[in-house]
Amino acid sequence: MAAFLRDAHGDSAAKLCMLVIGIGYLFPIAAIWAAFDYWKVLFPDANVEFAVTALYQVGSIITVAALSFTDSFVLGRRILGGFSGQFLCLAGILAFRWLPVAPAMLYHLLLGVVLLCSVATGYLDSALLSLCSQYSSNMQQYLQIGIGFGTLVSVIYRDATKLLMSHDIADATCAYFSIALVTVIVCILAYRLLMTLPVSRHVTDRTDLDEKLLDKASRLESPLPYACGFSPCGAKDSEESALGPSDFNCEAGTSFRAVLKMVWFNQLVIFANFVLTSFCYPGLITAIPCRQMEWLRRGHWFQTILLTVFTLFDISARFITHIRFGLYYGNIQWTAVIRAILLPLMIYCAAVETGSDLLSMAVVAAFGFLNGYCASLSLIVINEIPSLSTEQLKTCGRISACSVNIGLCVGSLGASALASALLKAN
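In this numbering scheme, every chain counts its residues from 1 along its sequence in written order. It should be noted that, the model being predicted, local features are given only for residues of pLDDT at least 70 and side-chain atom pairs only at 80 or more, the latter also being counted only at that level, while totals for whole chains, interfaces and linings use all residues. With hydrogens and water excluded, all non-hydrogen atoms of the structure serve as input to the side-chain values.

Quoted verbatim from the Subcellular location (unreviewed entry) heading of the UniProt record, the comment on the protein chain is "Membrane". Regarding the protein chain, the relevant UniProt record gives this comment under Sequence similarities (unreviewed entry): "Belongs to the SLC29A/ENT transporter (TC 2.A.57) family." UniProt positions are given in the numbering used here, feature names are shortened, and annotations may be inferred rather than shown by experiment.

Novice: How do you make sense of the overall build of the protein chain when you look at a structure like this?
Specialist: Here a strand is any run of E in DSSP of at least two residues, a helix any run of H or I of at least four, and the numbering for each starts at the N terminus. When its secondary structure is counted, the protein chain shows 18 helices and zero strands. Here a residue-residue contact requires only that any non-hydrogen atoms of the pair lie within 4.5 Å. Expressed as a percentage of contacts within the protein chain between residues at least 6 apart in sequence, the contacts between residues at least 24 apart total 83%. For the accessible areas, the method is Shrake-Rupley and the probe is 1.4 Å, while residue cover comes only from the protein chains on display. By element, 67% of the accessible surface of the protein chain is carried by carbon and sulfur atoms, the whole surface being about 18000 Å².

Novice: Please clarify how unusual backbone geometry should be interpreted in this entry.
Specialist: What you tend to see is this: most non-glycine residues have negative phi, and most peptide bonds are trans. The phi dihedral of Phe-325 falls on the positive side, at around 50 degrees, and the residue is not glycine. By secondary structure assignment, the location of Phe-325 is in the loop between α15 (301-318) and α16 (333-351).

Novice: Just to check I follow, could you spell out the packing of aromatic side chains for this structure?
Specialist: The description of two aromatic rings rests on the distance between their centres and on the angle between their planes. When the centres of two rings from Phe, Tyr and Trp lie within 6.5 Å, Trp using its six-membered ring, the rings pair. Their planes under 30 degrees apart give stacked, over 60 give edge-to-face, and anything left gives tilted. Summed over all chains, the structure comprises twelve aromatic pairs. Consider the rings of Trp-39 and Phe-43, whose centres lie 6.4 Å apart with planes at 15 degrees: the pair is stacked. Only protein chains enter the accessibility calculation, which uses a 1.4 Å probe; a residue is then buried when its area is under 20% of its type maximum, exposed when over 50%, and partly exposed in between. Of the residues examined, Trp-39 reaches a relative accessible area of 3% and is grouped as buried. Ring geometry for Phe-43 against Tyr-107: centres 5.2 Å apart, planes inclined by 70 degrees, an arrangement best described as edge-to-face. Taken together, the residues span a long stretch of sequence, with Phe-43 in the loop between α4 (36-42) and α5 (48-68) and Tyr-107 in helix α7 (residues 103-132) at a distance of 64 residues. Like Tyr-107, Phe-43 is buried. In textbook terms, an aromatic cluster arises when at least three aromatic residues are bridged by ring pairs, as seen for Tyr-38, Trp-39, Phe-43, Tyr-107, Tyr-176 and Phe-177.

Written out as structure tokens, the structure reads:
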């Protein structure tokens, strides 16, 4: 292990850290989703999965949108602040068991904590993709693998605690969220380690400069725009700084609006991919009934297995994003088209009584694989557009965070509407 951490440039350790950071990115909300069986016990008359998902996505997109238009920020403060907020939200859910309140009040408390969690994740979201864009495509792949692992880890935690403590779902849930808290702490430590490695020197050097300029903001004529980098007008070194004002147009070249004009098509593909993601996961998947495998109905084991199948195939696909099948930033829209073709089958499995449990598992597995591959690749190839400069890539990362969250929000709202339609039909 010591040799692993002391390789020539810390590349192996950096990849491991990026993977762990990716695990923590969406882990808290994935943990809440994975505990759907506990919420069904506490709130048997409510569609908790759909309500939680919709509220979380709305809170996230509002937070990310608001933060996207701030003039300046420090990556480390937002990332550490986001992880810390997620830790406190999970700790609050852990304390639910000992709160002497009625189920109706507890339901509203859950929604309140989910909203706070969405704000914390929004702070993390607004900086993490910008941070990732400053590393190689290989490092970005490890972040995407970590994001997949975040969902997988939450499901494995849930499966394990249910198996080991099958006699009491409350005890199992308590153990589950205790382990979740430890996981978030590990993610914080991984980020701090990543920033100390040689491969991150270019990031920490600019962050140090950014902090100094922010601290002296009151003495500057104008605040430092993050969209233009960590130095005035995006100058990256002394050679660029020596250029005259006419040699770089910071406002026109790296502003949010200017970069959006360059990457709008790819951002639309990212948006479409994540609409499909939250439209199906977790609400539509957990709404698929168990029809033939009667021994899996008790304890909602069939739906738990479906979530596990989805995450296993999702994470496996993230390992092969280096295999492109001819896809690149110019034709990445085919990922969304192929996934959309599979959507009617997902709805069929949830809504039609003649469906098959084996078919449901096969469709969920296929959708999970395409989710891991297509959503990850759409976020990776956008950073390979040759016309984007280093400073524009940072702004592109912020725009990608908005596209991801808007897509997840629209998808979750669509899933909620579908849930209402299914209830009326039944």
